[in-house]
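# Coordinates in review
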Amino acid sequence: MNILIPALVLAGIGFILGFLIYIVEKYFHVEEDTRLQTIQSMLPGVNCGACGFPGCAGLANAIFEGKGKPNQCKPISADKRSALETYLKEAFAEQTPSKA
Amino acid sequence: MTELIALAFGAFIVQNVILTQFLGICPFLGVSTKRSSALGMGMAVVFVILISSIVTRSLYHFVLVPFEMEYMRTIVFILVIAALVQMVELFLKKVSPSLYKALGIYLPLITTNCAVLGTAIININNNYDFVQMLVYSFFLPLGFLFVIYIFSFLREKINYAPVPKAFQGTPIALITAAILAMIFARFGGIL
């Protein structure tokens, strides 16, 4: 029984903090380019840091800004990398201004 | 009042968080290569330590003590610090994107800065009352900011010095930090 109260209190604190983060997230939500999230979801998500960026979010950001390349990612499988590369070609082809 | 001034001065210089207590060495070595990022990191640490100390102290006295679970303080404090850093990050992203960009990865890294947890635990161990806690948790990270800032000046100068190849990078930075620590150890005689 003695172990139950601390566990419940800790769970309560965790729940309250999580809820607070949720509220802050709601109020201070920043609209981001959906392509950034797609790039991040196509990376393995292991956050190994072998690419030299802080985690997969860092590499996704770098790829999005054109500072990084998908082949910097070490643990990604070959077919997933080519899928990401084709996605990047499609997604960023629209952005290039058409010549008059 | 004199007691508070002594406490502030002690936290700032005499018991300096980096050079005397050896807390927060990771950002001290990692972020001190450029002056601007050192300043940004220092300010973020001041902010997070001040807020997290207020929250952890209140939580300790109003939740942990009544439930007789003081032994859980480490895990509770880590939880609070991680959540706080997350909230600060979300807040900064919306309110000041330029500062958010400047701090970059160093903002989430504050979660693992042991100076933050260290301050929270020192506050509890020394039984500081609320005002003492406020003074201590403001001047301690200010000492962090001060030291990391002067260290970034030194490292920028070291970049131009003819350092032997084996000592380039972190080794020479550690030697510089050791000499700085010896200088700061002399402040111990003041109080």
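This is a predicted model, so every value here is computed, not measured. (Residues numbered from 1 in each chain as written. Chains lettered and ligands numbered in written order. Predicted model: local features only at pLDDT ≥ 70, side-chain atom pairs only at ≥ 80, totals over all residues. Heavy atoms only, no water.)

Of the regular secondary structure elements, chain A holds four helices and zero strands. Against the 2.2 N^0.38 benchmark of 13 Å for 100 residues, chain A shows a C-alpha radius of gyration of 20 Å, more extended than a compact globule. Each principal axis of the C-alpha atoms in chain A carries an extent, and together these give about 70 × 35 × 20 Å. For chain A, with 100 residues in total, the buried portion stands at 27%. (Helix = DSSP H or I, 4+ residues; strand = E, 2+ residues; numbered from the N terminus. Rg over C-alpha atoms; globule rule 2.2 N^0.38 Å. Buried < 20%, exposed > 50% of the residue type's maximum accessible area, 1.4 Å probe, protein only.)

Bringing the confidence of the model for chain B into the picture now. Residues and elements named next belong to chain B. With 98% of its residues at a pLDDT of at least 70, chain B reaches an overall mean of 87. Confidence, expressed as mean pLDDT per element, reaches its minimum in chain B at helix α5 (residues 97-103) with 75 and its maximum at helix α8 (residues 130-158) with 92. Model confidence for the complex is summarised by a pTM of 0.76, with the ipTM given as 0.71. (pLDDT = per-residue confidence, 0-100.)

Time to look at the interface of chain A and chain B. Taken residue by residue, the interface counts 18 residues in chain A and 20 residues in chain B. For the pair chain A and chain B, the summed buried area comes to about 1,600 Å², and 86% of that belongs to carbon and sulfur atoms. There are zero salt bridges connecting chain A and chain B. The interface formed by chain A and chain B includes one residue pair in polar contact (both at pLDDT 80 or more). Among the residues making up the side of chain A that touches chain B, the classes are represented as 13 nonpolar, two polar and three charged. (Contact = heavy atoms within 4.5 Å. Buried area = accessible area lost by both parts, 1.4 Å probe. Salt bridge = Lys/Arg side-chain N within 4 Å of Asp/Glu carboxyl O. Polar contact = N/O pair within 3.5 Å; in protein donor to acceptor, adjacent residues only side chain to side chain. Nonpolar A, V, L, I, M, F, W, Y, C, P; charged D, E, K, R; others polar.)

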